[in-house]
Structure formats: structure tokens, C-alpha cells
Amino acid sequence: MTSSPPSELQDSGSQYWRRNIRLLLGLLAVWATASFGCGILLHHFLDNYTLPGSEYPLGFWFAQQGSILVFIAIVFYYSHAMSKLDREFDLEEK
Amino acid sequence: MDVQGWSILLIALSFALYIGVAIASRAGSTKEFYIAGGGVHPVVNGMATAADWMSAASFISMAGAISFMGYDGSVYLMGWTGGYVLLALLLAPYLRKFGKFTIPDFVGDRYESSTARVVAIVCAIFVSFTYVSGQMQGVGIVLSRFLEVDTTTGVVIGMGIVFFYAVLGGMKGITYTQVAQYCVLIFAYMVPAIFLALHMVDTPIPQLGLGGTLENGTPLLANLNNLHQDLGFASYTSGSRATIDVFFITAALMTGTAGLPHVIVRFYTVPKVRDARRSVGWALVFIAILYTTAPAIAAFARTNLLQTVSGQAYDDMPEWFNKWEKTGLLAHNDLNGDGLIQYTGPNSDVPNELTVHKDIMVLANPEIAGLPNWVIALVAAGGLAAALSTAAGLLLVVSSAVSHDLLKRCLMPDISERDELRAARISAGFAVCLAGWFGVHPPGFVAEVVAFAFGLAASSFFPVLVMGIFSKRMNRIGAIGGMIAGISFTAGYILWFKFISPESSTPENWWFGISPEGIGTLGMLLNFLVAGVIHRFAPPPSNETQRMIEAIRAPGSTTK
């Protein structure tokens, strides 16, 4: 498929690539919300609450542990979703 | 058996393990030497990446730093893990598909420019050497403290071990020794943490202990905030740094992490694109085990320290206090001569009499908590594993930058496979010796230079790689212009505040209140901006390069 001349300089070229970009922009938004949002910008506000079932101030928890757990979830979700997308477009490596 | 006996035994056993693994997995070709033959299982690679990434600083210093910084220490926790999200989504799968050996390989090929390649080589070598001297110093400190040899002997022993398996085994040897080192270091980190968690908050899971409750019914963190307030320290859970600075430092550490060559290159070693995506997730899991424990250790250790020491009589101090005083990491100066230890913060009227070095928090924690001798010795073996595994990964980047990028791709394209492998071994050996020399004669500004390494990786590699993958129009002029703008701005700012005029390095003088540690973020934005503007004035890359970009974006396609 890539032996044809490059498709015009448009980065939004193929359907596969557009779907990938949409997925990763969505996940980067989650990434930024957990760390820069909850862990930093909203930290003082969220500290008025505790993580349900524990004694963690919520903003502090996001900054020191919660965001890391969110990061792990994002990476595995992306890997899973992309494997599905590869299959759908028949782009799996043999 | 005493602590020293246990230390010798455990360190000797762990070294024997590493050497055994290295002999079983030595490299026979350049492909094996640079990327372990490209056949590493994603979970194994994740574990090796975790050991590669977690350095002596992560193991020995991070929990202690958080202990003193409280909330402000979150920049390390979020920064050094959040970068893996960027790596998984923006870099690792595409660089795996590109399928060559190094970062300069990609930069040079993608931008069709040997200038860009050379800039990347210089950055890779500089960043890696900065880091490796810190590791060697860590090896020296741990060996000298626990085996009671002098630091130089300690560094030489460490060099010998790294020399053996990095020069012999290349990436293949390093990968499997790093797996063994991960097991040693995580075991050594978790055992004292579990003991502490049981002791302080009565739970065997230290990660949960951070949100736990002390014996007297007060939550651990609330108790710590009260202690801090009484003694005049800033609140533990709120911190004292400006929000904008926390924001920029976190972003610089994240993008810097994603741009560090010794981490990226690990994802060249797995068989497929899909494995590269999954492998980043596993790496993050293995890293998170330690990184979610560190803030708990920090809070335990802080509470322990304040309760054991503050306001108590100097003569009543336990044995560990005097022992660590001898190392100079702990010092009491009885200013008012009352025989008590006043440990107070900047908001208190009572002058502070105690200075505590942050490294004590992990190294002496088992002693402070009264744990058995073998646990104390285990910490020594763990610290060594962390330092050695990181050092080996970095040395390999230096060696491949010299033998592959500089010799094979720039100076002597006709070099034979056998000669290239020999050149790789010689440059790895040379790099080990140079790193050892820096370990014995530390430049005295290692801590400052680390800010440099991250700032540089964030403001040069990260944007140049991301644009190379996500923009087909980005060309040589844009990339080189962006790198030069990003690096010179970042380097200039750090040089000014860290070396030329360190006395003026206060929040009032910083631009927008951003400290030199966080300036890499601004440098990165500048890089994107400059590249985005000036690439318009030059033609797009050749058809061949554009086809290559299409190929790295599609996992199953075959043309390069």
C-alpha cells in the first residue's frame, strides 16, 4: 500500500491515522486532567475532600499516587484499542 | 551475623548472579549488541526498562527528597512516570516500526541531514554522561558505606562489574542482567517498606499505608501536617512552591523522560509495534510499584524522624543517630546549650539545630525502625542494583553513538560488521573508564547537571521526534532551527542561574516564576514554535522520506 506516491502532505491522510490521532488526543486529555489538572491546578480545592474510604486528601492523592494509576490505565487502554484498530484495517504485523 | 557480614554476602551473591546472566547472554552480532537481536518479550523488556530507568537517585534519594518536600516532591512522582504516557502514545510504537538502532539514526534519516544527526549524537552523549557519573558516584558511596572500603575502591569494583557485562554482552547482556537487577532492587525496596507500614499503620501494603491511620487514631497525613505546623514547617500536603513552577517542572520531567535516549532505545528491542505499545505499559507497572511506595516511605520516615528526634535529649538518642552522625549526613549543633534537639522549620521562632541529609531516609530507615541486620544489608544490594543497571544502559547509548552513529553512519560507512562490533566494545570499555573517573572525581555539580539533562532532552529530542512522526511537512530547516532555539534558550537559562549567577536564582528573578528545573518546558514550546514557523520557508521533505513516514505510521506495512 505504501509503494504509491505519498498522499499529498496531508497528515490526516488515511482513516486509520485519523482514528489513531483522535484516540490519542482523547487519552492525552485524560493524562493532563489527572496530573496537571487534579494533581496540580485543582490540588488545593480537591484537598477539601478525601478519597472515598480512606484518609487521603484527594488532591494530594492524585499528585502522589492517583495520577500514576491513571497513567497505567491509559497506556494499557491505548495498546488494547490500537491492536483492535490494527486488526480492523488489516495492519497487523505478521 | 553483623550488618557488614550480611552486606558482603548479599552483594557478592547479587554480583555473581549478574555475571552468570551476562555470560549466558553475550552478544554475537551488532544487532544483538545494539538492540538485543530485537526479540525481547514485552514483559521482560518492561522489567528491564524499569531497572534501566530507576537510578541510584530513584532508589536512594527520591523518597528522602519527598520526605522533606512533602507535596512539592510530587513533581518527581508525576514527572518521571507521566513521561511514559507520552512515550507509549507518541514515540515508542513508531520508532519501533522505523526499526533501526539509535535515536540519531532516526533523526538523521528522517530529516535527511548529517548536521541533525551530529547534533543528536552530541546531545545523546552529553545527556548520558551527565547521568552516568551520578550512578558511578552512587555505587562508590553505597560500597564504601556498607563494606567500609574507600569510595575509589568502591567505584573500581562497580566499574569492573559493568565493564564485564556491558562490554561482553551489549544490549543483550544488559537486558537480562537488568531483569535480575530489577528483582533485587524491588525486593530490597519493598521489604523495609512493608516492615515500616506494619509498624506505623498496621497494614502490610505500604502503598495503602499513606492513607492509613496511626495507632492513636489520627490519620498519618493529618498527624504529619500538625507536627509540621507545630515545628514551623510548611504544610506537608500543600507544599510551598508556586503552582506555575510545579506545573513547569512536572512538564519538563515528563517530556524529558520521553526524550531520554537510553529509555527510548529499549523499545527498539521488542519484536513488533504492538509489543512496543504493551511493553511501555509493563515498564510503567514495574516502575509504579516503587513510585507509589516512595511517597509512603517518605511520610513514614518523616513522622518517625520528627517523633524520635524533635525536642528529645541528645544523650537519649539511639545508636543509629550517632552512627550516621559520623558519616556527616546527620548533624546536631546545640545552639542554646539545653541538651535537647530543636528541629524546626522556617516559620518557627526557635532556631533549628539539626541538619539531615535526604539520603538517610532510605539508607537508615531500616535501622531507625529497628529492622534486622539482613534487611539493612539488602538495602545496600538494592541501591547497587539500581545504580549498575542504569549505568549499563547509559553506557550502551554512548557506545552505540560512537561506533554506530559516528563511525558507521558518518565517518566510515564501509566498516565491516566485525569491526563495528569491535568498535562498539572498545567505545563501551572506554566509556566505562571515563564514567569511573567521573565517579571518583565528581564534577561537584552533578545535581545541577541533572536538571540540564532533562531540560536538554525536553527541549531538543522530544519535539524533534514528535514532529518527525506527526508532521509530514516538517523538514530539515525546521528541525535544526527548532533544536538550536530550544537548546540554546534552555542551556542559557540554566547556565545563568546555576553557574554564572547562582546567587540571583530566586523566584523573584526567574522568568514567570519558573525555576531552572522547569525551564525545559518553555524551551520545548519554543522549539515547536520556531520549527513550526521556519519550516514553511523551505520545501517539504523528499517523496522517499514522506513514504518512510507513512510506513512508520502503519504497523503492518512492509516498505521502509
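Per-chain numbering applies: the sequence of each chain, read as written, is numbered from 1 onward. Starting at A for chains and at 1 for ligands, labels are handed out in the order in which the entities are written. With the structure being a predicted model, the display of local features is reserved for residues of pLDDT at least 70 and the display and counting of side-chain atom pairs for 80 or more, all residues being used for whole-chain, interface and lining totals.

Secondary structure assignment for chain A yields 3 helices and 0 strands. Helix and strand assignments follow DSSP, with helices taken as H or I runs no shorter than four residues and strands as E runs no shorter than two, numbered in order from the N terminus. Taken from the N to the C terminus, the helices and strands of chain A come in the order α-α-α. Exposed residues have 12 or fewer other C-beta atoms within 10 Å of their own C-beta, buried residues have 20 or more, and residues in between are partly exposed; the C-beta atoms are placed from the backbone. Every one of the 94 residues in chain A was classed for burial, and the buried ones make up 35%. Throughout, a pair of residues is in contact if the C-beta atoms placed from their backbones lie within 7 Å. Of the contacts made within chain A by residues no fewer than 6 positions apart, 48% connect residues no fewer than 24 positions apart.

From N to C terminus, chain B includes 22 helices and 2 strands. Atoms considered for the radius of gyration are the C-alpha atoms alone. The globule rule reads 2.2 Å times the number of residues to the power 0.38. At 24 Å, chain B has a C-alpha radius of gyration in line with the 24 Å of a compact globule built from 560 residues. Within chain B, buried positions represent 59% of all 560 residues.

Right, let's get into the environment of D315 of chain B. Tracing the backbone through its elements, the reader meets D315 of chain B in the loop between α13 (273-309) and α14 (319-326). When the C-alpha atoms of D315 of chain B and I341 of chain B are compared, they prove to be 9.8 Å apart, with 26 residues separating the residues in sequence.

Attention shifts here to the nonpolar core. With 219 residues, the main nonpolar core has L185 and L395 of chain B as its most contacted residues. The contacts of L395 of chain B, once residues within four sequence positions are left out, are V132, V162, A166, A428, A431, V432 and A435 of chain B. For this analysis, nonpolar core means a set of buried Ala, Val, Leu, Ile, Met, Phe, Trp, Tyr and Cys residues linked through C-beta atoms within 7 Å.

Turning to helix α5 (residues 74-98) of chain B, a few remarks are in order. Residue and element names in this part refer to chain B. How far a helix is expected to stretch is found by multiplying one less than its residue total by 1.5 Å. Given a rise of 1.5 Å per residue, 25 residues ought to cover 36 Å, and the 35 Å separating the end C-alpha atoms of α5 matches this to within 8%. Consider a residue and the seven residues that end there alongside the seven that start there; fitting an axis to each set, the bend is the angle between those axes. The largest bend in α5 comes to about 55 degrees, at L87. Along α5, 23 of the 25 residues are buried, which leaves the element largely enclosed by surrounding structure. At the C-terminal side of α5, G99 shows a positive phi close to 70 degrees.

The subject of this paragraph is the interface of chain A and chain B. By a widespread convention, an interface's size corresponds to the accessible area lost as its parts come together. Every contact between the two is made by 45 residues of chain A and, on the other side, 52 residues of chain B. Broken down by element, the residue count for the side of chain A that touches chain B peaks at 16 residues, all from helix α3 (residues 58-88) of chain A. Basically, the charged four are Asp, Glu, Lys and Arg, the nonpolar ten are Ala, Val, Leu, Ile, Met, Phe, Trp, Tyr, Cys and Pro, and anything else, Gly included, counts as polar. Across the side of chain A that touches chain B, the residue classes tally to 27 nonpolar, 11 polar and 7 charged.

Before going further, it helps to spend a moment on the confidence of the model for chain B. Confidence in the prediction of chain B, expressed as mean pLDDT, is 87, and 98% of residues score 70 or more. If you check the scores for this complex, the pTM reads 0.91 and the ipTM reads 0.91. The quantity called pLDDT is the predictor's confidence in a given residue, expressed from 0 to 100.

A negative phi holds for most residues other than glycine; trans holds for most peptide bonds. At D90 of chain A, a position not held by glycine, the phi torsion is positive, near 55 degrees. Inspection of the secondary structure assignment puts D90 of chain A in the segment after α3. The exposure class assigned to D90 of chain A is exposed, which follows from the 9 C-beta atoms found within 10 Å. Despite not being glycine, E112 of chain B shows a phi value in the positive range, around 50 degrees.

This part covers the packing of helix α8 (residues 151-201) of chain B against helix α18 (residues 417-440) of chain B. Axis angle and axis distance: for two packed helices, these are the angle between their axes and the distance between the axes, and together they describe the pair. Residues and elements named next belong to chain B. Axes here mean lines fitted to C-alpha atoms, for a helix over just the part in contact, with angles spanning 0 to 180 degrees between N-to-C directions. As a packed pair, α8 and α18 sit with axes 9 Å apart at the nearest point and diverge in direction by 165 degrees. Classed by the angle they form, the pair α8 and α18 counts as roughly antiparallel. In this structure, α8 meets α18 at a crossing whose hand is right-handed. In this structure, α8 contributes T152, V155, V156, M159, V162, F163, A166, V167 and G170 to the contact, and α18 contributes A424, R425, A428, G429, V432, G436, G439 and V440. A per-class count over the contact of α8 with α18 returns 11 nonpolar, 5 polar and 1 charged. Working definition: roughly parallel below 35 degrees, roughly antiparallel above 145 degrees, roughly perpendicular at 65 to 115 degrees, and oblique for all remaining angles. Each crossing is labelled by how the near helix is turned from the far one, with a counterclockwise turn of less than a right angle marking it left-handed and a clockwise turn marking it right-handed.

So, about the environment of L526 of chain B. All names here are of chain B. Tracing the backbone shows L526 in helix α21 (residues 519-534). In this structure L526 comes out as partly exposed when scored by C-beta crowding, with 19 C-beta atoms within 10 Å. Those residues in contact with L526 that lie beyond four places of it in its chain are A485, G486 and F489.

Bringing the packing of helix α1 (residues 15-41) of chain A against helix α11 (residues 243-258) of chain B into the picture now. As a packed pair, α1 of chain A and α11 of chain B sit with axes 11 Å apart at the nearest point and diverge in direction by 150 degrees. By the angle class used here, α1 of chain A and α11 of chain B are roughly antiparallel. Of the two elements, α1 of chain A crosses α11 of chain B, and the hand of that crossing is right-handed. Each of S35, F36, I40 and L41 of chain A in α1 of chain A lies in contact with α11 of chain B, whose residues at this interface are T243, V246, F247 and T250 of chain B. Taken together, the residues of the contact of α1 of chain A with α11 of chain B break down into 5 nonpolar, 3 polar and no charged.

Residue and element names in this part refer to chain B. Mapped onto the secondary structure, R302 falls in helix α13. C-alpha of R302 to C-alpha of W282: the two residues are 20 residues apart in sequence and 31 Å apart in space. With sequence-adjacent residues up to four places away left out, R302 is seen in contact with S67 and L224.

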